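Working through the structure, step by step
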Amino acid sequence: MIQHVWKLIGVTLLVSFLTGCLYPDSERSQNQIPYIDQLESVQKAVDQFQTDQGGLLPIKTKEGDTPIYQKYLVDFGKLVPKYLPEPPGNSFENGGVYQYVLVKVEEDPTVKVFDLRIAEQINEISLRIKANGYPPYKETLANNVYSLDFSKIGYTEPPSVKSPYTGIELPFVINGQGELFVDYRTDLYQALKNQSPTVKPGEDIRPILLEDSVFVPAYSMPYTIDADSKEPIFMTE
């Protein structure tokens, strides 16, 4: 038991150290707010780059199985200094907490962001799970989707992330392969209720979160709607 506690303490210290190294300036207010003018300036730079390069986009090469909302990262090395004087102050590349990405790359490349502090939380949970030796699964939420008993890996309260869409605290879920995700069902429920979009069972409904927001649902699983209740559910095989 004592050895287990010391493992968790060590993990917590390691995460704190890594966080400080990665985001030394993350407390600056300009690094924590995705200002619209900053996104607009990056969008203009991306559009001009694409025009000049015959349709190519300024993105970093990622593995083919990279989740869609983390796949097309803006490569500021291709935009600075010709198209932008420097990366936005709130971007990871300039000491900020936001990663700039592109969505709709085939039909209408659009600049969005996601908060890298979510990745910090996922890394911390993953390290605690590793120290524990195995994921402490709690309840089955869907096929290959589970909640976690966070008390077994040293948490007094289940960790969560503040939704960029509703401000609600969103929980984490895990699959059978030990991959952690943010659960956006609450956000999707609100979007379905407020927007009344035309969606069908079997269709990934995450894009409705993009309509009125600068954020992508990063670290998410695919969701669809239940054929009967029309409420959001995990889209699993």
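In case you missed it, the structure is sitting above this.
Residues numbered from 1 in each chain as written. Predicted model: local features only at pLDDT ≥ 70, side-chain atom pairs only at ≥ 80, totals over all residues. Heavy atoms only, no water.

**Re the overall build of the protein**
When you go through the protein residue by residue, the secondary structure sums to four helices and nine strands. Starting at the N terminus, the α and β elements of the protein follow one another as α-α-β-β-α-β-β-β-β-β-α-β-β. The buried share of the protein, taken over its 237 residues, is 45%. Relative to all contacts within the protein whose residues are 6 or more apart in sequence, the contacts with residues 24 or more apart total 55%. For the protein, the computed accessible surface area is about 12,900 Å², with 52% contributed by carbon and sulfur atoms. (Helix = DSSP H or I, 4+ residues; strand = E, 2+ residues; numbered from the N terminus. Buried < 20%, exposed > 50% of the residue type's maximum accessible area, 1.4 Å probe, protein only. Contact = heavy atoms within 4.5 Å. Areas by Shrake-Rupley, 256 points an atom, 1.4 Å probe, with all protein chains shown as cover.)

**Quick look at the nonpolar core**
Ranked by size, the top nonpolar core spans 41 residues in total, and within it F114, I125, V182, Y184, V216 and Y219 carry the most contacts. When contributions to this core are tallied by element, the ones reaching two or more residues are β1 (98–103), α3 (117–132), β4 (145–148), β6 (169–174), β7 (180–182), α4 (185–195) and β8 (223–225). For F114, the contacting residues outside a window of four places in its chain are Y69, Q70, L73, V97, Y98, Q99, V101, F215, V216, A218 and Y219. Among the nonpolar cores identified, the runner-up in size contains 22 residues, and V42, V46, F76 and F215 belong to it. (Core = buried A, V, L, I, M, F, W, Y, C linked by side-chain atoms within 4.5 Å.)

**A short note on unusual backbone geometry**
A cis geometry characterises the amide bond from V80 onward to P81, with omega recorded as 5°. Within the fold, P81 resides in the loop between α2 (36–52) and β1. Of note in the backbone geometry, K230 takes a positive phi value of approximately 65° without being a glycine. Relative to the helices and strands, K230 is located in the loop between β8 and β9 (232–234).

**Focus: the packing of aromatic side chains**
For the structure shown, the criterion picks out eight aromatic pairs. With a centroid separation of 5.6 Å and an interplanar angle of 90°, the aromatic rings of F150 and Y155 are classed as edge-to-face. Using a relative accessible area of 14% as the deciding quantity, one classes Y155 as buried. It is R128 that lies over the ring of Y155; its NZ or CZ is 4.1 Å from the centre. (Phe/Tyr/Trp six-rings, centres within 6.5 Å; stacked < 30°, edge-to-face > 60°. Lys NZ or Arg CZ within 6 Å of the ring centre and 35° of its normal.)

**Looking at the pattern of salt bridges**
Considering all chains together, one arrives at five salt bridges under this definition. A salt bridge links K60 to E93; its shortest N-O distance comes to 3.4 Å. Within this pair, whereas K60 is found in the loop between α2 and β1, its partner E93 is found in the loop between α2 and β1, the two being separated by 33 residues in sequence. Using a relative accessible area of 29% as the deciding quantity, one classes E93 as partly exposed. As a salt-bridge pair, R206 and D204 come within 2.8 Å of each other at their nearest N and O atoms. Taking the relative accessible area as the measure of exposure, R206 reaches 8% and is therefore buried. (Salt bridge = Lys/Arg side-chain N within 4 Å of Asp/Glu carboxyl O.)

**Details of the side chain of D75**
On the secondary structure map, D75 appears in the loop between α2 and β1. As a buried residue without a salt bridge, D75 has its nearest oppositely charged side chain in K78, at a separation of 4.1 Å. In terms of polar contacts, D75 uses its side chain to reach the backbone amide nitrogen of G77, at 3.0 Å. (Lys, Arg positive; Asp, Glu negative; His and termini not counted. Polar contact = N/O pair within 3.5 Å; in protein donor to acceptor, adjacent residues only side chain to side chain.)

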